[in-house]
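# Chains, contacts and geometry: an overview
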Amino acid sequence: MTARLFVLDVPENVPIVEIARGYPGVSLEKVGPYFVLAAESNVTVDRRSTGVRHAVWYSWVGGLEGWQIEQWDRDAFRLVPR
Amino acid sequence: MSELSAKHLVSGVDHAAFPTFDPVATVRFYRDTLGFPVVHSICAAGWGPDDHPDFIHFFFDIGNDDRIAFFYYFGLEAPETSRGKGDVYARFGSDTPEFFVRSRHIALHVNSEEHLLEYRRRLDASDWPVEMQIQHETIESIYTHDPNGYFFEITRALRPVTPQEDLDANLTIDALVDILQQPGASMDALLVRKAELIMERAENWQDEQEAERELIPSPEGPVRR
Ligand SMILES: [Fe+2]
């Protein structure tokens, strides 16, 4: 089943979305002012590759559907199927 | 010395912030009873020292571009405050985590980085130097403690607020009120509920925004182009 992650479209979040959409198997759509990142399997976003500051890194997630957050720390943000 | 050094540069309260153990009643009081719009929210994962819990930081418009803000910490037990004087969250025990103590503060607003740095300069030259300068999600702040020990912030916007942040704040608060009907609610439950509300309401919101943009002023009020 496809799982989806919602991210509000504000300038701070764009670098993270740009990195995540480039991962294999991840697609990007838009629902209203939210980016929707969708994939069939696990997704891991490497914090350093995004270049965002700490406050943004720890608050960029807007909603979860079909996924749960397994890791969210200084190294990575990891989603696994629920 | 710069020409700013003699000027009064702050422009009122940006936000006054308090912890809450009852966001549902808080929303009922400020939004539903007083009619203060929810204008901003942060849903943040806990990190750093103190075993910081996941938290929601949410803001109500109190007019004049000023805001009252609350912190809700997932899983944090309310302190015993039935005895003693002072308002209920003023009696901090010695084991109270620092993040909680600091959640109660006033923040004054300045209009530019230049003005923020001017206050940094004044404080750094005083007995109360700046303890922290932090770029948050959309604001940059300096912090110190005043001579009474009150935590004190001066802040500036890093960019103008976007309309979608108001939508997002409202979805956050509605999701939070929903999930707190069940005990043991977590950030996970909040994000799952919020995804449902995004699916229900975000497209409509976007359509309304676009329709509004097509309105033109007329003597009888706005009309569609
Ligand atoms: Fe603050």
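Rules behind the numbers
Residues numbered from 1 in each chain as written. Chains lettered and ligands numbered in written order. Predicted model: local features only at pLDDT ≥ 70, side-chain atom pairs only at ≥ 80, totals over all residues. Heavy atoms only, no water. Axes fitted to C-alpha atoms, helices over the stretch in contact; angles between N-to-C directions. Helix = DSSP H or I, 4+ residues; strand = E, 2+ residues; numbered from the N terminus. Parallel < 35°, antiparallel > 145°, perpendicular 65-115°, else oblique. Left-handed = near helix turned anticlockwise from the far one by under 90°. Contact = heavy atoms within 4.5 Å. Nonpolar A, V, L, I, M, F, W, Y, C, P; charged D, E, K, R; others polar. Domains from an automatic or database assignment. Buried area = accessible area lost by both parts, 1.4 Å probe. Salt bridge = Lys/Arg side-chain N within 4 Å of Asp/Glu carboxyl O. 1 Å grid on protein atoms, 1.4 Å probe; cavity = no way out; pocket = protein on both sides within 12 Å on 5 of 7 lines; lining within 4 Å. Points joined across faces, edges and corners; volume = space filled by probe spheres on them.

Residue and element names in this part refer to chain B. In the contact formed by helix H1 (residues 23–33) and helix H4 (residues 163–179), the axes pass within 9 Å of each other and the chain directions differ by 130 degrees. Judged on the interaxial angle alone, H4 and H1 are oblique. The interaxial crossing formed by H1 with H4 has left-handed handedness. Across the interface between the two elements, Pro23, Val24, Val27 and Arg31 from H1 touch Ile173, Asp174, Leu176 and Val177 from H4. Considered class by class, the residues forming the contact of H1 with H4 number six nonpolar, no polar and two charged.

All names here are of chain B. Along its sequence, chain B is organised into domain 1 (15–157) and domain 2 (163–214). Using only C-alpha atoms to locate each centre, domain 1 and domain 2 end up separated by 23 Å. Counting residues at the interface gives 18 residues for domain 1 and 17 residues for domain 2. Buried surface at the junction of domain 1 and domain 2, summed over both partners, amounts to about 1,400 Å²; 70% is from carbon and sulfur atoms. At the boundary of domain 1 with domain 2, the tally comes to one salt bridge.

In total, this model carries two cavities of 30 Å³ or more according to the counting rule given. By volume, the largest cavity is sized at about 240 Å³. Contributing to the lining of the largest cavity are 20 residues, with Leu8, Asn13 and Ser59 of chain A together with Ser41 and Asp168 of chain B lying nearest its centre. Of all elements in the fold, only strand S2 (38–44) and H4 of chain B reach the threshold of two or more residues within the lining of the largest cavity. Ranked by residues supplied to the lining of the largest cavity, first place goes to S2 of chain B with four residues. Grouping the amino acids of the lining of the largest cavity by side-chain chemistry returns eight nonpolar, six polar and six charged. Counting only domains with at least three residues in the lining of the largest cavity, you end up with domain 1 (15–157) and domain 2 (163–214) of chain B. Taken as a whole, the second largest cavity encloses approximately 40 Å³ of empty space. Considering the residues around the second largest cavity, the lining is formed by Leu5, Ala20, Val26, Leu37, Val43, Val45, Trp60, Trp67 and Leu79 of chain A.

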